Amino acid sequence: QNTMISQTRTSTGARAGIKTTNFVFDCNYSTFNGNGTGTLFTTNFRTNITFKNCNINNYGTAFYINRENMTVYNNNMTNNYTTGEKDIYGVYITGTSADSATVYQNTMIFPTRTSTSASAGIKTTNAVKKVSVYQNNITGSKYGIIFQPLTNYSNITNNNLYNQGFYGIDLGGT
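Residues numbered from 1 in each chain as written. Predicted model: local features only at pLDDT ≥ 70, side-chain atom pairs only at ≥ 80, totals over all residues. Heavy atoms only, no water.

J.: It is not clear to me how the pairing of strand β9 (residues 61-65) should be interpreted in this structure. Could you clarify?
T.: In regular strands, side chains alternate between the two faces of the sheet. Buried residues dominate β9, accounting for four of its five residues. When strand β6 (residues 39-42) meets β9, the two strands line up parallel, connected through three bridges. By the bridge assignment, T39 is partnered in β9 with T61. Summarising the sheet, β9 and strand β12 (residues 89-93) pair through four bridges and their orientation is parallel. Along β12, the bridge assignment pairs Y64 with Y92. (Buried < 20%, exposed > 50% of the residue type's maximum accessible area, 1.4 Å probe, protein only. Helix = DSSP H or I, 4+ residues; strand = E, 2+ residues; numbered from the N terminus. Pairing = 2+ DSSP bridges.)

See below:
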């Protein structure tokens, strides 16, 4: 099943939950404007979902992935940070069932960070496996990429990380 949208969307930080499996969500370069908080896309424990060609502006987290076989491809995420949100991520991959995620050819630009935030372009939590992160451009987050302990059988390849507050890549888990 495929869905393509063709216009700019503005929301107040609401979540767009995907409630189907084997799904391609093609934003067709449409823009989603948030209010600086909340998560735009969450996978609601569904599998085999691809998100592509989305322009996402001003959310707390752009993609919250919590199931297997997810792809986040060719998206632009900008200003996904406000001082009101403590933890800010472009792509957040979590849960023991969140295996086989692929995040590639995305651009993530974060504005100035505060020392209390735990912003990262891409973050995995413990026990996530088979994550591929490649050819992404991440600018201005506190951490470029965080792989928590036990993120096994995964790879980080050919990413451009600019102006990170602490580490470009953190393999110890923050």
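J.: Sorry if this is basic, but what is going on with the nonpolar core here?
T.: What tends to happen in soluble globular proteins is that the nonpolar side chains get buried as a cluster. Grouped together as the largest cluster of nonpolar side chains are 33 residues, with contacts concentrated most on F25, F41, F51, I56, F63, V91 and I93. Among the elements of the structure, β4 (23-26), β6, β7 (49-52), β9, β10 (70-73), β12 and β18 (143-147) are those that each provide at least two residues to this core. Ignoring any residue separated from it by four or fewer positions in sequence, one finds F63 in contact with F41, F51, I56, V72, N75, M77, G90, V91 and Y92. Core analysis: the second largest hydrophobic core is formed by five residues, Y89, Y92, A120 and I146 among them. (Core = buried A, V, L, I, M, F, W, Y, C linked by side-chain atoms within 4.5 Å. Contact = heavy atoms within 4.5 Å.)

J.: Help me out: how do you make sense of the pattern of salt bridges in this one?
T.: Close approach of charged atoms lets side chains of opposite charge pair. For the structure shown, the criterion picks out two salt bridges. Between E68 and R67 there is a salt bridge whose closest N-O contact spans 3.7 Å. The exposure class of R67 is partly exposed, given its relative accessible area of 25%. Between K129 and D99 there is a salt bridge, with the nearest N and O atoms lying 3.6 Å from each other. Taken together, the residues span a long stretch of sequence, with K129 in the loop between β15 (120-124) and β16 (132-134) and D99 in the loop between β12 and β13 (102-104) at a distance of 30 residues. Taking the relative accessible area as the measure of exposure, D99 reaches 16% and is therefore buried. (Salt bridge = Lys/Arg side-chain N within 4 Å of Asp/Glu carboxyl O.)

J.: For this particular structure, what's the right way to read the packing of aromatic side chains?
T.: In this description, an aromatic ring pair is defined by two values, namely the gap between the centres and the angle between the planes. Counted under the stated rule, the structure contains 13 aromatic pairs. Both rings, one in F32 and one in F41, keep their centres 5.5 Å apart while their planes meet at 75°; by these two values the pair is edge-to-face. Looking at F32, the relative accessible area reads 8%, which means it is buried. (Phe/Tyr/Trp six-rings, centres within 6.5 Å; stacked < 30°, edge-to-face > 60°.)

J.: Teacher, can you tell me more about the state of the cysteines here?
T.: Two cysteines joined by a covalent bond between their sulfur atoms form a disulfide. Counted under the stated rule, the structure contains one disulfide. At a sulfur-sulfur separation of 1.9 Å, the disulfide partner of C27 is C54. Disulfide C27 to C54: torsion about the S-S bond roughly 65°, handedness right-handed. Pair noted here: C27 is in the loop between β4 and β5 (31-33) and C54 is in the loop between β7 and β8 (55-57), with a separation of 27 residues, a long-range link. In this structure, C27 and C54 share a single accessibility class: buried. (Disulfide = S-S within 2.5 Å.)

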